[in-house]
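Residue-level listing of the chains:
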Amino acid sequence: MDYAHTLLFGFYPYLAGTVFLLGSILRFDHAQYTWKTGSSQMLSKRRMRLGSNMFHIGIIVIFFGHLVGLLTPHWAYEWAITPGNKQIMAILVGGIAGIFCLAGGLILLHRRLTDPRVRASSSRSDNVILILLMVQVTLGLLTIISATEHLDGSVMLPLAEWAQSIVFFRSNAASHLMDVGVIYKLHIFVGLTIVMVFPFTRLVHAWSAPFGYIGRRYQLVRRRA
């Protein structure tokens, strides 16, 4: 059991991260024509805007919430907020964002599976990654139920220690997750799996977020005479 635990939470994160980085680079280098969202909006706009906006707002908040919450060392915020208050804030913000993401994702999934034109243009990977994301968001919402039983942050801190140990290449990272609940471990495993399959799906379009538009020069468009 200890060996499997170390394999899943000590070595698997590095395997997933390596495939994520190398796979993204190789796909960009060798298959740039597949580097796209594969939007189906032109085929059918029905429920597209509502589902897409809810899904993307939710998943962006969840991503940056996890990024800041897990990778910020305890000493950096302990002077301003207690672990318990941080966990309550994470439950509230994460819960709302998770519901948004799940509702939007289910709308998109239902549209992709039931609309004949959208279904015909969808690849197997499109459906699989969307289902996998919905499973992951559901698991995340289920962790909130478990988190309400320990509002002192006693589980949040080991999760953060594990994430920081993985990112900063510290030894015995898997030991931080030895005593956390199964729902957290399953949530982490599915998340790592999504990271690993990322380069082989439409998710690669996240690398091309149009941040350049924020700082670009104003574009003047004149009417024709």
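Above: the structure in question.
Residues numbered from 1 in each chain as written. Predicted model: local features only at pLDDT ≥ 70, side-chain atom pairs only at ≥ 80, totals over all residues. Heavy atoms only, no water.

1. Considerations on the nonpolar core
Link 1 in the chain: If you look at the biggest cluster of nonpolar residues, it comprises 19 residues, and the most contacted ones within it are Phe55, Leu133, Ile194 and Leu203.
Link 2 in the chain: When residues of this core are traced back to their parent elements, those giving at least two are α2 (48–71), α4 (83–114), α6 (124–147) and α8 (182–197).
Link 3 in the chain: Take this core: its biggest share by element is 6 residues, from α6.
Link 4 in the chain: With near-sequence residues (within four places) excluded, phenylalanine 55 lies in contact with Phe100, Cys101, Gly104, Gly105, Leu108, Leu133 and Met134.
Link 5 in the chain: Within the second largest apolar cluster, 18 residues are counted, among which are Ile91, Val155, Ala174 and Leu192. (Core = buried A, V, L, I, M, F, W, Y, C linked by side-chain atoms within 4.5 Å. Buried < 20%, exposed > 50% of the residue type's maximum accessible area, 1.4 Å probe, protein only. Helix = DSSP H or I, 4+ residues; strand = E, 2+ residues; numbered from the N terminus. Contact = heavy atoms within 4.5 Å.)

2. Concerning the packing of helix α1 (residues 2–30) against α8
Link 1 in the chain: The N-to-C vectors of α1 and α8 enclose an angle of 25°; their axes lie 8 Å apart at closest approach. One finds that α1 runs roughly parallel with respect to α8. The two elements α1 and α8 cross, and the hand of that crossing is left-handed. On the side of α1, the interface is formed by His5, Leu8, Phe9, Tyr12, Pro13, Leu15, Ala16, Val19 and Phe20, while α8 contributes Lys185, Ile188, Phe189, Leu192, Thr193, Val195 and Met196.
Link 2 in the chain: Split by residue class, the contact of α1 with α8 holds 13 nonpolar, 2 polar and 1 charged. (Axes fitted to C-alpha atoms, helices over the stretch in contact; angles between N-to-C directions. Parallel < 35°, antiparallel > 145°, perpendicular 65-115°, else oblique. Left-handed = near helix turned anticlockwise from the far one by under 90°. Nonpolar A, V, L, I, M, F, W, Y, C, P; charged D, E, K, R; others polar.)

3. Regarding a nonpolar patch on the surface
Link 1 in the chain: Together, Ile57, Val61, Ile88, Met89, Leu92, Val93, Ile96, Phe100 and Leu151 line one region of the surface with nonpolar side chains, adding up to about 800 Å² of accessible area.
Link 2 in the chain: Of all the secondary-structure elements, those providing two or more residues to the nonpolar patch are α2 and α4.
Link 3 in the chain: For the nonpolar patch, the element with the highest residue contribution is α4, accounting for 6 residues. (Patch = residues over 30% accessible without salt bridge, like charges linked within 9 Å, V, L, I, M, F, W, Y side chains within 5 Å. Areas by Shrake-Rupley, 256 points an atom, 1.4 Å probe, with all protein chains shown as cover. Salt bridge = Lys/Arg side-chain N within 4 Å of Asp/Glu carboxyl O.)

4. Examining α1
An α-helix turns once per 3.6 residues; consequently, residues spaced three or four apart project the same way.
Link 1 in the chain: Taking 1.5 Å per residue, 29 residues should reach 42 Å; α1 reaches 40 Å between its end C-alpha atoms and fits that length.
Link 2 in the chain: The largest bend along α1 measures about 45° and falls at tyrosine 12, with the proline proline 13 one to four residues further on.
Link 3 in the chain: By the burial criterion, the buried members of α1 are His5, Phe9, Gly10, Tyr12, Pro13, Ala16, Phe20, Gly23, Ser24 and Arg27. (Expected span 1.5 Å × (residues − 1). Bend = angle between axes of the 7 residues up to and from the residue.)

5. Considering the packing of aromatic side chains
We describe a pair of aromatic rings using the distance from one ring centre to the other and the angle between the two ring planes.
Link 1 in the chain: The tally for this structure, following the rule as stated, stands at 6 aromatic pairs.
Link 2 in the chain: Each ring, one from tyrosine 14 and one from phenylalanine 169, has its centre 5.6 Å from the other, and the planes form 15°; the classification is stacked. Here tyrosine 14, found in helix α1, pairs with phenylalanine 169, found in the loop between α7 (156–167) and α8; they are 155 residues apart in sequence, far enough to count as distant.
Link 3 in the chain: Among the aromatic side chains, those forming a connected cluster through ring pairs are Phe20, Phe198 and Trp207. (Phe/Tyr/Trp six-rings, centres within 6.5 Å; stacked < 30°, edge-to-face > 60°.)

6. Section: the packing of α4 against α6
Link 1 in the chain: For the pair α4 and α6, interaxial distance at closest approach is 9 Å and the crossing angle is 150°. As summarised for this structure, α4 and α6 are arranged roughly antiparallel, according to the angle between their axes. The two elements α4 and α6 meet at a crossing, and its hand is left-handed.
Link 2 in the chain: Classifying every residue of the contact of α4 with α6 by side-chain character gives 15 nonpolar, 7 polar and 2 charged.

7. What about the environment of glycine 95?
Link 1 in the chain: Position of glycine 95 relative to the elements: it lies in helix α4.
Link 2 in the chain: Among residues more than four places away in sequence, those in contact with glycine 95 are Ala90, Leu141 and Ile144.

8. Quick look at the environment of isoleucine 91
Link 1 in the chain: Mapped onto the elements, isoleucine 91 comes out in helix α4.
Link 2 in the chain: Separated by 54 residues in the primary sequence, isoleucine 91 and isoleucine 145 place their C-alpha atoms 9.1 Å from one another.
Link 3 in the chain: Filtering out sequence-adjacent residues up to four positions away, isoleucine 91 remains in contact with Ile144, Ala147, Thr148 and Leu151.

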